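# Close look at the chain arrangement
Residue strings, one per chain:
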Amino acid sequence: MAGTSGIRSAMEALADQFNLKIVDDNKKEESSSESEGAATPSTETPAKEVDPALEGATVGSISNIKDLYQGPEDSQGRAQWLDKYPEDAEEAAENEETEKYAFIARKTKCFTGRKKFDIDSIIVNSPKVKEVLGEVFEKYPGVTCTLDRLVFAAPFEPFVHRWSEFKEAVEEERDPLTRTHLGLLHKLLSQELKDTIKALEDYVLHGVTTFEHVWAIFHPGCTVYCRSGGVPTALSFYSGSYESGQCGKYFELTLEPIGWNGTAFGRGTERVAIYSFTGTRPIKDLSACPLSFHPEQDGIRAALVRRGKKYEELAGYHYKAYVHDSAMHRKIHRKSTDKNSGTKE
């Protein structure tokens, strides 16, 4: 120990002479260990606070509603349900204040370069306008104007198909408030549908259409002319929608033929597809077209009416009879027998 102490004293004197400092490795390691221990954060998860109401509760026994919120999506579009309220959630735009307006126009950004926004849908709150629209869209499939929340979505097919009836209702309205509300709706839709309505008028004038606007020429209830199994036929148009299949995009028409089921006449369901095409095409050359657009509609209608009357006459039970000539039958039968046997009469 004495030798060690003397060596240390000599080293300290030498260090002072050259202005150096002696570091004790043992103390350095202890100090380093202490600093590392202080800098390393704890990996233990803090205990989650437990709602006192959950302690001792059995499954489904708490008289309350637990809300879960959809979390962020991963790269595959999947998301988990979380009990944490989303920080980026905004207050609902539709509330008691917005429903006081006659109409609510919900808009989306437009990227065609022709305007800033497209109208996604229109909510009708005005009771007076609902009454008028109830008459305009009478018997129009899928439109019930007596609903508390009446919503029309783009591309606003009912208004395109009944545009003339809607304009007439606006012009004939006499109640000042209702006329004002109708004027607002007419102005809003005129701006949004001007291209579609102008295109439809142009197509009707020239007897052509595009695949994009083919829906506009088929009005619910109109008579559609097509060939079913190669046979000319006329059916009532119910609805249509754009679909996609193995052969590409197509517009599917849901039609209602009239048939006899052995007991009574009734309406059935038949579907016809108009497949996608480029540019314009004569309406009469489509796989199905409104009869009113066909240049030979009068002759087609007359021929189908004649055939329909014959079809109607065959409904029910009918009995036919014929007189059987037994003598002639025996003679023919004997000739046939002799011929087969190789003998001559």
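Figured I'd write up the structure that's included with this text.

### Focus on the overall build of the protein
- Within the protein, the regular secondary structure consists of eight helices and 14 strands.
- For the protein, with 345 residues in total, the buried portion stands at 24%.
- Taking as baseline every contact in the protein between residues at least 6 positions apart, the subset at least 24 positions apart corresponds to 46%.
- Split by element, the accessible area of the protein, about 26400 Å² in all, is 52% carbon and sulfur.

### Re helix α6 (residues 176–206)
- The end-to-end C-alpha distance of α6 is 40 Å, clearly below the 45 Å that 31 residues give at a rise of 1.5 Å each.
- The sharpest bend along α6 reaches about 65 degrees and sits at L193.
- Of the residues trailing α6, G207 is marked for its positive phi of about 70 degrees.

### Things to note about the packing of helix α3 (residues 127–136) against α6
- One can describe the packing of α3 onto α6 by two numbers: an axis separation of 9 Å at closest approach and a directional angle of 70 degrees. One finds that α3 runs roughly perpendicular with respect to α6. Touching K128, V129, V132 and L133 of α3 are T178, H181, L182 and L185, all from α6.
- Residue classes in the contact of α3 with α6 are distributed as five nonpolar, two polar and one charged.

### A few points about the environment of V170
- Within the element layout of this structure, V170 appears in helix α5 (residues 163–172).
- Put simply, V170 and L182 are 12 residues apart on the chain and 5.9 Å apart in space, counted from C-alpha to C-alpha.
- Once residues lying within four places of it in the same chain are set aside, the contact partners of V170 are R179, L182 and H186.

### A look at the sheet that holds strand β3 (residues 103–109)
- One open sheet accounts for three strands, arranged β3-β4-β5; its pairing is antiparallel. Looking along the sheet, the strands with just one partner apiece sit at the ends: β3 and β5 (150–153). Between one strand and the next, the sheet's axes are offset by a mean angle of 25 degrees, whatever the strand orientation.
- In the sheet, β3 pairs with strand β4 (residues 117–124) via seven bridges, with the strands oriented antiparallel. Residue I104 lies in a different strand from β4, and its bridge partner there is I123.
- Strands in contact with α6 are β3 and β4; relative to β4, the strand with the most contacts, it is inclined by about 150 degrees.

### Brief notes about the sheet that holds strand β12 (residues 270–275)
- Within the open sheet, the five strands sit side by side as β12-β9-β8-β7-β14. Their pairing is antiparallel. Looking at strand neighbours, the two that pair on one side only are β12 and β14 (288–290), the edges of this open sheet. In this sheet, adjacent strand axes meet at a mean angle of 45 degrees when their direction is disregarded.
- Of the pairings in the sheet, the one linking strand β7 (residues 223–228) to strand β8 (residues 231–245) comprises six bridges and is antiparallel in character. Looking across to β8, one finds that T223 is bridged to S236.
- Those strands touched by helix α7 (residues 297–313) are β7 and β8, and its axis lies near 110 degrees from that of β8.

### Considering the packing of aromatic side chains
- Within this structure, the stated rule accounts for 15 aromatic pairs.
- Aromatic side chains F137 and Y140 sit 6.1 Å apart centroid to centroid with 70 degrees between the ring planes, which places their arrangement in the edge-to-face category.
- For Y140, a relative accessible area of 8% translates into the label buried.
- A ring pair is formed by F137 and F152, whose centres lie 5.7 Å apart and whose planes are at 45 degrees; its orientation type is tilted.

Conventions and cut-offs
Residues numbered from 1 in each chain as written. Predicted model: local features only at pLDDT ≥ 70, side-chain atom pairs only at ≥ 80, totals over all residues. Heavy atoms only, no water. Helix = DSSP H or I, 4+ residues; strand = E, 2+ residues; numbered from the N terminus. Buried < 20%, exposed > 50% of the residue type's maximum accessible area, 1.4 Å probe, protein only. Contact = heavy atoms within 4.5 Å. Areas by Shrake-Rupley, 256 points an atom, 1.4 Å probe, with all protein chains shown as cover. Expected span 1.5 Å × (residues − 1). Bend = angle between axes of the 7 residues up to and from the residue. Axes fitted to C-alpha atoms, helices over the stretch in contact; angles between N-to-C directions. Parallel < 35°, antiparallel > 145°, perpendicular 65-115°, else oblique. Nonpolar A, V, L, I, M, F, W, Y, C, P; charged D, E, K, R; others polar. Pairing = 2+ DSSP bridges. Phe/Tyr/Trp six-rings, centres within 6.5 Å; stacked < 30°, edge-to-face > 60°.

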